[in-house]
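The lines below spell out each chain.
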Amino acid sequence: PATRAGNVQCVKDWINPHIGDVRIDRLTLWRVETFYRTLRTEGGHGGGPLSVGSVKRTHSVLHAALGEAVRWRLLQANPATGARRPKGEEFEAVVPGVDYIRRVLWAASEHLRVIIALAVSTGARRGELLALKWDDVDESESTISISRSVNADGSLKSTKTKATGVVSVGAETMGLVSAWRSAQEGRWAEVGKGSMPADMWVFPSTGWDRPLRVGTISHQWRALADQVGLDGVRFHDLRHATATHLVANGVDVRTVSGRLRHASTSMTLDVYTAKITESDVAAGKLLDGLVYGTDPSEA
């Protein structure tokens, strides 16, 4: 759904306004390259420049559409093939420092604090966190099982790389999760539903029947990040922060890669892991020490 929405945006906001009235048999390579240069100078919001990444995405959509025209024999050749896209600085993730993470963590509301703590501790993506159910949380072992994700429209899907995993978290993070669980159980009882089922969403919507929307968390994060001075830092940048701070503090790259379930990890990291390695346990404790100021050796 998110990919489709992005493609529709390319057509609606950029392709149609600039070259939508050009017959495809009159669309030349020169015209396509001119279109890309125009986007880089005045294609963004308010007539400002459009990012390099957005121009590349627009090229992909346009090239694919014109490729279909070639397949249907409406064109002899694809005029977007070989088009030079304007060069410029690629988007670089802003990695928030530990001090900023602490500030945003304790300035957050109850549910957002737990989501941020889990994001930093596990390196999980936003949709993966919202797709968690309570039977994915093992408080006795201090582990979180990640096996699914939530789309922007609220539907469920597999994780981005199809990789699943069990991640160890530190005592401080699990303490926040346990307190959140107790609060949820109390709210569940208040509405007369009895004991909260094990497969209930960790971060449910008001009606309890589905997880919180991805967009809801994005809006809440943006307001909170701006409040504490994290201008331009996305929620996803917490994932980058997890990897960066772990590597910078001596955790081996293989452990970090497995913890974040990158596509390049071995097959054993693409399925549920019954045993958490000692290095992964140390990684969970280290993140708690960085964020909460505790000594990892004493955790």
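Each residue is numbered by its place in its chain's sequence as written, counting from 1. Local features in this predicted model are restricted to residues whose pLDDT is 70 or higher, and side-chain atom pairs enter the listing and the counts only when it is 80 or higher, whereas totals over whole chains, interfaces and linings include all residues. Note: side-chain values were computed over all heavy atoms of the structure, leaving out hydrogens and water.

Asks: Which residues make up the sheet that holds strand β5 (residues 165–168), and what values go with them?
Replies: What links the strands of a sheet is backbone hydrogen bonding, and the strands pair in either a parallel or an antiparallel sense. Here, a strand pair is defined by DSSP locating no fewer than two bridges between the strands. Runs of H or I in DSSP of at least four residues are treated as helices and runs of E of at least two as strands, each being numbered from the N terminus. One open sheet accounts for three strands, arranged β1-β2-β5; its pairing is antiparallel. Among the strands making up the open sheet, the edge pair consists of β1 (137–138) and β5. In this structure, strand β2 (residues 143–146) lies alongside β5, joined through four bridges in antiparallel fashion. Counterpart to Ser 145 in the pairing with β5 is Val 166.

Asks: How would you explain unusual backbone geometry if you had to name every residue and give the values?
Replies: One non-glycine residue, Arg 73, adopts positive backbone phi at about 65°. Even without glycine at this site, Trp 208 takes up a positive phi of about 70°. Tracing the sequence through the fold places Trp 208 in the loop between α7 (171–190) and α8 (214–227). Throughout, exposure labels follow a simple rule: accessible area from a 1.4 Å probe, protein chains only, divided by the maximum for the residue type, with under 20% read as buried, over 50% as exposed, and the rest as partly exposed. Among the residues examined, Trp 208 registers a relative accessible area of 13% and is labelled buried.

Asks: Tell me about the packing of aromatic side chains, and please be specific about residues and values.
Replies: Each pair of aromatic rings taken from Phe, Tyr and Trp, with Trp reduced to its six-membered ring, is defined by centres within 6.5 Å and is described as stacked if the planes are under 30 degrees apart, edge-to-face if over 60, and tilted in the remaining cases. In total, this model carries five aromatic pairs according to the counting rule given. In our convention, an over-ring charge means Lys NZ or Arg CZ found within 6 Å of a ring centre and within 35 degrees of that ring's normal. Just above the ring of Trp 201 sits the side chain of Lys 133; from NZ or CZ to the centre is 4.6 Å. We note Lys 193 situated over the ring of Trp 188; from NZ or CZ to the ring centre the distance is 5.2 Å.

Asks: Outline a nonpolar patch on the surface, listing residues and values.
Replies: Patch definition: residues with relative accessible area over 30% and no salt bridge; like charges joined within 9 Å; nonpolar side chains (Val, Leu, Ile, Met, Phe, Trp, Tyr) joined within 5 Å. All accessible-area figures derive from a Shrake-Rupley calculation using a 1.4 Å probe, and residue coverage is judged against the displayed protein chains alone. Between Lys or Arg on one side and Asp or Glu on the other, a salt bridge is scored when a side-chain nitrogen of the former is within 4 Å of a carboxyl oxygen of the latter. Where nonpolar side chains cluster on the molecular surface, the patch consists of Ile 24, Trp 72 and Leu 74 and spans about 330 Å² of accessible area. Here Trp 72 is to be found in the loop between α3 (52–71) and α4 (98–107). A residue is classified by how much of its surface remains accessible, and Trp 72, at 54% relative accessible area, is exposed.

Asks: Before we move on, could you go through the packing of helix α2 (residues 29–42) against α3 and cite the residues and values that matter?
Replies: Angles here are taken between N-to-C directions and fall from 0 to 180 degrees, while the axes themselves are lines fitted to C-alpha atoms, restricted in helices to the stretch in contact. Relative to each other, α2 and α3 sit at 150°, their axes nearing to 10 Å. Considered as vectors, α2 and α3 are oriented roughly antiparallel to each other. The two elements α2 and α3 meet at a crossing, and its hand is right-handed. Residues Val 32, Phe 35, Tyr 36, Leu 39 and Arg 40 of α2 form the contact with α3, whose own contacting residues are Val 52, Val 55, Thr 58, His 59 and Leu 62. Considered class by class, the residues forming the contact of α2 with α3 number seven nonpolar, two polar and one charged. Note that the term roughly parallel is reserved for angles under 35 degrees, roughly antiparallel for angles over 145, roughly perpendicular for angles of 65 to 115, and oblique for everything else. Take the far helix as the reference: if the near one is turned anticlockwise from it by less than a right angle, the crossing is left-handed, and if turned clockwise, right-handed. Contacts between residues were defined by any pair of non-hydrogen atoms, one from each residue, lying within 4.5 Å. Gly counts as polar in this scheme, as do all residues outside two lists: the nonpolar Ala, Val, Leu, Ile, Met, Phe, Trp, Tyr, Cys and Pro, and the charged Asp, Glu, Lys and Arg.

Asks: I'd like to hear about α2, residue by residue, with values.
Replies: Residue count minus one, scaled by 1.5 Å, sets the expected span of a helix. The end-to-end C-alpha separation of α2 is 20 Å, in line with the 20 Å expected for 14 residues at 1.5 Å each. Those residues of α2 that sit buried are Val 32, Glu 33, Phe 35, Tyr 36 and Leu 39. Axial view of α2: buried residues confined to an arc of 150°, hence all on one face. What points out from α2, more than 90 degrees from its buried face, is the exposed set Trp 30 and Thr 41. Summarising the contacts, the buried residues of α2 are in contact with α1 (2–19) and α3. Here, the arc refers to the directions that run from the helix axis to the C-beta atoms.

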